[in-house]
Every structure is written in C-alpha cells, then in structure tokens.
Amino acid sequence: MKQFLSVHNAGNMDSLIAEAMQVKQHPMANSELGRGKTLGLLFLNPSLRTRMSTQRAAYNLGMNVMVLNLDKDSWQIEFEDGAVMNSIKSEHIKEAAAVISQYCDVIGIRCFPGLVDREKDYTEQVLNSFIKYSTKPIISLESATRHPLQSFADMISIAETKTIARPKVVLTWAPHIKALPQAVPNSFAEWAIASGADVTIAQPEGYELETNFSNGATIEYDQAKALAGADYVYVKNWSSYNDYGAMPEVKGDWLLTAEKMALTNNARIMHCLPVRRNVELLDEMIDGPNSIIQLQAGNRVVAAQTVLQKILQSI
Ligand code: CP
C-alpha cells in the first residue's frame, strides 16, 4: 500500500478485514516492523480518536510519532500555486511538505472542508497539495470528502458482529445544531457498498450525498421505511451537498427512538463519535445493549495499525 486516502486504496476488502483481524488478535506481532521509522501526524482540525488511535497503532509497530497541530502550533500555510504571499500565510505548502518529508517516513493529514466552496472542498485542494509536494506515503486522517480510517474501523466492527453474510445497513441522517461535513457519510457509504452490504441511505429532502458516494445504495426519504429490517443503523448528521454547507429545513422527527428501533432486525447502532447526546442520538441508544459505538472506537487502532503495517511493508 502506497497511500491510504479512500476505499480505492483498500484492495480486496475481505483480505484487508482478515488482515485487520490478525492485527487485533496479535497487536504486538510486528512490533519491530516500524523500528527507526517516523510517522508525522498533521492536524488542521481537532481530533481525539484519530490522533490517539493512530499514535497507539504506530507505537504497536515500533514507530516514532511526531504530532503537529498545523492550525495552532505552526505557520499558516498557503496552498495556492503562484500566490503573492503578502497575507498572514507565511509558509507555502511546497516548502512545508518537502521539509516534513525529510523528517517523516509516513505522513498523516487531517484537513476538514470549509463548507463554503464546494469545488474547492471536493477537489481536495489541501490533501492533494500534500500529496503533490510530499515525497512520502500519505494517510488521510479525514479530508474534506472522506474519512477512510473511520470507515475501515466501521467495516471491521460490522464484520466482527454480523450474523448474516449480507446485512442490511442503514445510514440515517440525524439532527444537529450546526453544519457538519459529508466526509463520514460519504466514506461510510462507499466502504459499506464496496463491502457487499445491502446499503440504504435515509435522509430528508435536500441532504442527498454526492452520487459518486451513494451509487449502489437505496435512497429513502422515509426513515421508518428505511429502518424496516435493518441489521445496522449508522447514525450521523451531515449538511447539504447540493445547497453546499447549508442546513435545509427538515420536516418530521429524525431522532432515532426505541419505537423506530422496533422496526429493525434488533439492529446494532453505530456512530463515529464525537456525538452530541440527546441532540443527535439519545442516551438510551448510545448506552443501550445494541450500541457498538465503543467497538468502533476501539477498532480505530486496528484500522490504523493495519494500514500502517501495509505501508511499512511497501517502503
Ligand atoms: N471519529 C473521529 O474521527 O473522531 P475524532 O474527530 O476525535 O478523531
């Protein structure tokens, strides 16, 4: 594996998940693989799980880790080629990526979308600039349009808990107080579809995802209809793709309740975290017996370690 940006770098999903299961069973089996190698983790946005799970994964492989909060602790970076740099941005990505590449053997980057300029976000200007000017393998720690390490952990969690070969997986929109990116739902949809699951996306009018991500899923505007017979319910808020970054008015109540869960096949409840309790998902759902949310969070280490292992084996 030369980079990890999306499901398109995953190769055969069954093989990747089998490798992840090995990593989970024997986390220290390759504790010398990364000896003398350094992972750089660059954050332009906040993180708890991605930051800590990827560090833990690297330590399990014997790697050194350097973490830089690019948004707070470093120079502001200019990403436009040919820019006249007379603003507060003091360092160009050309120099920054080339310098970081001399210090690190593998580089992870978190770069959220601005949710203002759809074209800029969906062309992944920040991530692609790092890829262009870095000489080392790049791992996405969540970009403007995707969160592949989260989705890989989600697929491991489903593989570990499923009782039928092709479960019905429902990704359902949920309420929130502010506009959130489409990265997690985009990514979850493309990974779940690629895994061969029977995927339904339930969303209010105006919240359709970009079709490259949702192609292959059943689209439903009636949440109850979508939930019927579900084996997994992935709860997540996202803002509008069509009216980019907006939160169009929503008709009806999209909060998951016990009454709605009764329509499912005793479905497992999933969320990537962080979650706003009793806004996006009720306490009783997060803490209840059907929740596999903590399993997902734990599997973030497994996903990151599997990816790092495959990259280390290729450099
Ligand atoms: N799920 C996830 O990526 O969590 P963090 O934003 O805390 O890293």
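Residues numbered from 1 in each chain as written. Predicted model: local features only at pLDDT ≥ 70, side-chain atom pairs only at ≥ 80, totals over all residues. Heavy atoms only, no water.

1. Looking at the side chain of D121
Selection criterion: For helices the rule is a DSSP run of H or I covering at least 4 residues; for strands it is a run of E covering at least 2, with both sets numbered from the N terminus onward. The buried label goes to any residue with under 20% of its type's maximum accessible area, the exposed label to any with over 50%, and the partly exposed label to all in between, with areas taken from a 1.4 Å probe on protein chains only. We treat Lys and Arg as the positive residues and Asp and Glu as the negative residues; His and chain ends play no part in the count. Should a side-chain nitrogen of Lys or Arg be within 4 Å of a carboxyl oxygen of Asp or Glu, the pair is scored as a salt bridge. Any pair of N or O atoms that falls within 3.5 Å is considered a polar contact. Within protein, one atom must be able to donate a hydrogen and the other to accept it, and sequence-neighbouring residues count only if both atoms are side-chain atoms. In this analysis, two residues are considered to be in contact whenever any of their non-hydrogen atoms come within 4.5 Å of each other.
Residue placement: D121 occurs in helix 4 (residues 118-122). For the buried D121, no salt bridge exists, and the shortest N-O distance to an oppositely charged side chain is 7.3 Å, to K120. Of note is the side chain of D121, whose polar atom sits 2.7 Å from the side chain of Y244. When near neighbours in sequence (up to four residues on either side) are disregarded, D121 contacts P113, G114, L115, V116, A144, T145 and Y244.

2. Observations regarding the packing of helix 6 (residues 148-161) against helix 12 (residues 293-312)
What counts, and what does not: The angle between two axes is taken between their N-to-C directions and runs from 0 to 180 degrees, where each axis is a line fitted to C-alpha atoms and a helix contributes only its stretch in contact. Every angle not falling under 35 degrees, over 145, or within 65 to 115 is termed oblique; those three ranges are roughly parallel, roughly antiparallel and roughly perpendicular. What makes a crossing left-handed is the near helix being turned counterclockwise from the far one by less than a right angle; a clockwise turn instead makes it right-handed. Three classes are used, and their members are as follows: Ala, Val, Leu, Ile, Met, Phe, Trp, Tyr, Cys and Pro are nonpolar, Asp, Glu, Lys and Arg are charged, and the others, Gly among them, are polar.
For the pair helix 6 and helix 12, the least separation of the axes is 8 Å and the interaxial angle reads 115°. With respect to helix 12, the element helix 6 is oriented roughly perpendicular. Once helix 6 is placed against helix 12, the crossing between them reads as right-handed. Here L149, Q150, F152, A153, D154, I156, S157, E160 and T161 of helix 6 lie close against helix 12, whose contacting residues are L295, Q296, N299, R300, V302, A303, A304, T306 and V307. A class-by-class count of the residues in the contact of helix 6 with helix 12 yields 9 nonpolar, 6 polar and 3 charged.

3. Some points on the nonpolar core
What counts here: Here the nonpolar core consists of buried residues drawn from Ala, Val, Leu, Ile, Met, Phe, Trp, Tyr and Cys, with membership extended through side-chain atoms lying within 4.5 Å. Each domain span listed reflects an automatic or database assignment of domains.
With 75 residues, the main nonpolar core has I139, F152, W191, L256, L281 and L308 as its most contacted residues. For this core, the element with the highest residue contribution is helix 12, accounting for 9 residues. Per-domain counts for this core show at least three residues from each of domain 1 (7-146 + 300-312) and domain 2 (150-297). What F152 contacts, discounting residues up to four positions off in sequence, is F4, L16, I17, A20, W191, A303, T306 and V307. Of all hydrophobic cores here, the second largest spans 17 residues; its members include I77, I93, I109 and I138.

4. Structural notes on the pattern of salt bridges
Inspection of the entire model under this criterion finds 10 salt bridges. Here R35 makes a salt bridge to E32, at a shortest N to O gap of 3.0 Å. For E32, a relative accessible area of 53% puts it in the exposed group. Between E142 and R110 there is a salt bridge, with the nearest N and O atoms lying 3.3 Å from each other. Of this pair, E142 sits in the loop between strand 6 (138-140) and helix 6 while R110 is found in strand 5 (residues 106-110), placing the two residues 32 residues apart along the sequence. Neither E142 nor R110 differs from the other in exposure class; each is buried. Connected via shared salt-bridge partners are R277, D283 and D287.

5. A closer look at the pairing of strand 5
Test applied: At least two bridges found by DSSP between two strands is the condition for calling them paired.
Where burial is concerned, most of strand 5 is hidden: 5 out of the 5 residues are buried. Residues V106, G108 and R110 point to one face of strand 5 and I107 and I109 to the other, with burial holding for every one of them. Bridging between strand 1 (residues 38-43) and strand 5 involves 5 bridges; their strand directions are parallel. Along strand 5, the bridge assignment pairs L41 with G108.

6. Topic: the sheet that holds strand 7 (residues 168-173)
Whether parallel or antiparallel, the strands of a sheet pair through hydrogen bonds between backbone atoms. Judged by pairing direction, the sheet is parallel, and its 5 strands sit side by side in the order 9-8-7-10-11 without closing on themselves. What marks the edges here is a single partner per strand, and that holds for strand 9 (218-220) and strand 11 (268-270). Averaged over all neighbouring strand pairs, the angle between strand axes comes to 20°, with direction disregarded. Looking at chain direction, strand 10 (residues 232-236) and strand 11 are connected through 3 bridges and run parallel. Among the inter-strand pairings, Y232 is bridged to a residue of strand 11, identified as R268.

7. Describing the environment of E205
In this fold, E205 is placed in the loop between strand 8 (198-202) and helix 8 (211-214). Sequence spacing of E205 and D222 is 17 residues, and the spatial spacing of their C-alpha atoms is 9.8 Å.

8. Structural notes on the domain arrangement of the protein chain
Operational definition: When two parts are put together, the accessible area they lose, computed with a 1.4 Å probe and summed over both, is reported as buried area.
Partitioning the protein chain into domains gives domain 1 (7-146 + 300-312) and domain 2 (150-297). The gap between the C-alpha centroids of domain 1 and domain 2 is 25 Å. On the domain 2 side, the residues contacting the 28 residues of domain 1 number 32 residues. For the pair domain 1 and domain 2, the summed buried area comes to about 2,400 Å², and 67% of that belongs to carbon and sulfur atoms. Looking at the side of domain 1 facing domain 2, the largest losses of area belong to L115, Y122 and R300, adding up to 27% of the total buried there. Where domain 1 meets domain 2, there are 2 salt bridges.

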